[in-house]
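Single-letter residue listing:
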Amino acid sequence: MEIQIVMELTPSKINTFLFFKLPSAFICGVRVKKLEPTKCVVTVKHRWINQNPFKSMYFAVQAMAAELSTGALVMYQIKKSNQKISMLVANNKANFTKKATGKITFTCLDGNKIELAINNTLATGEGQTFWMKSIGVDEIGTQVSEMDFEWSIKIKSH
């Protein structure tokens, strides 16, 4: 019998992962603040390093933060499943409604979609896709962007 210890995936561990594996996101100030089974909160502050020529946050920096709010949930559920499953963004859509200045908070509440997809891929052996939404708001709660990411998961081949 094999015993495998599953360490908890925490915001601190994901932020360390960013430093080593996604340094551009780390340098731009993208940070996970909260990670729960169905919710992830990521923040990024508008600074010189991540601005566009119009003195607001560059869209790609917003996309990094929004994608991380969805991807951290996917990582969390894959780790929880204790299975070898690959993950990849297959598609994305974005809507920008206001200039992003100050601290922007991206929240994804779609963690419940992942467990179902993991169960389906494990039961069928087929890859699964699902969409997850992240909403970005500024410090006064005004929505600045909304992004949707289509994730693809599949069992890793041996």
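Residues numbered from 1 in each chain as written. Predicted model: local features only at pLDDT ≥ 70, side-chain atom pairs only at ≥ 80, totals over all residues. Heavy atoms only, no water.

Describing the sheet that holds strand 6 (residues 143-155)
Then, in step 1: One open sheet accounts for six strands, arranged 1-2-4-5-6-3; its pairing is antiparallel. The open sheet has two edge strands, strand 1 (31-35) and strand 3 (85-96), and neither has a second partner. Sheet twist, expressed as the average angle between the axes of neighbouring strands with direction ignored, equals 25 degrees.
Then, in step 2: Bridging between strand 4 (residues 103-108) and strand 5 (residues 128-137) involves three bridges; their strand directions are antiparallel. Bridge pairing in strand 5 places Thr107 opposite Ile135.
Then, in step 3: On the sheet, helix 3 (residues 59-81) packs against strand 1, strand 2 (40-45), strand 3, strand 4, strand 5 and strand 6 and is oriented at approximately 40 degrees with respect to strand 6. (Pairing = 2+ DSSP bridges. Helix = DSSP H or I, 4+ residues; strand = E, 2+ residues; numbered from the N terminus. Axes fitted to C-alpha atoms, helices over the stretch in contact; angles between N-to-C directions. Contact = heavy atoms within 4.5 Å.)

As for the confidence of the model for the protein
Then, in step 1: Across the protein, pLDDT averages 93, with 95% of residues at or above 70.
Then, in step 2: Scored below 50 in pLDDT, residues 1-6 shows three contacts in the model against residues more than four places distant or in partner chains. (pLDDT = per-residue confidence, 0-100.)

Structural notes on helix 1 (residues 11-21)
Then, in step 1: Every buried residue of helix 1 is listed here: Ile14, Asn15 and Leu18. Buried residues in helix 1, looked at end-on, bunch into an arc of 100 degrees, giving them a common side. Opposite the buried face of helix 1, by more than 90 degrees, sit the exposed residues Ser12, Phe20 and Lys21.
Then, in step 2: Contact partners of the buried residues in helix 1: helix 2 (23-27), strand 1 and helix 3. (Buried < 20%, exposed > 50% of the residue type's maximum accessible area, 1.4 Å probe, protein only. Arc of directions from axis to C-beta.)

Examining the pairing of strand 2
Then, in step 1: Of all six residues in strand 2, five are buried; the element is thus mostly enclosed.
Then, in step 2: With four bridges connecting them, strand 1 and strand 2 associate as antiparallel partners. By the bridge assignment, Val32 is partnered in strand 2 with Val42.
Then, in step 3: What sits between the antiparallel neighbours strand 1 and strand 2 is a turn of four residues.
Then, in step 4: The sheet contact formed by strand 2 and strand 4 spans six bridges and is antiparallel. What sits directly across from Cys40, in strand 4, is Cys108.

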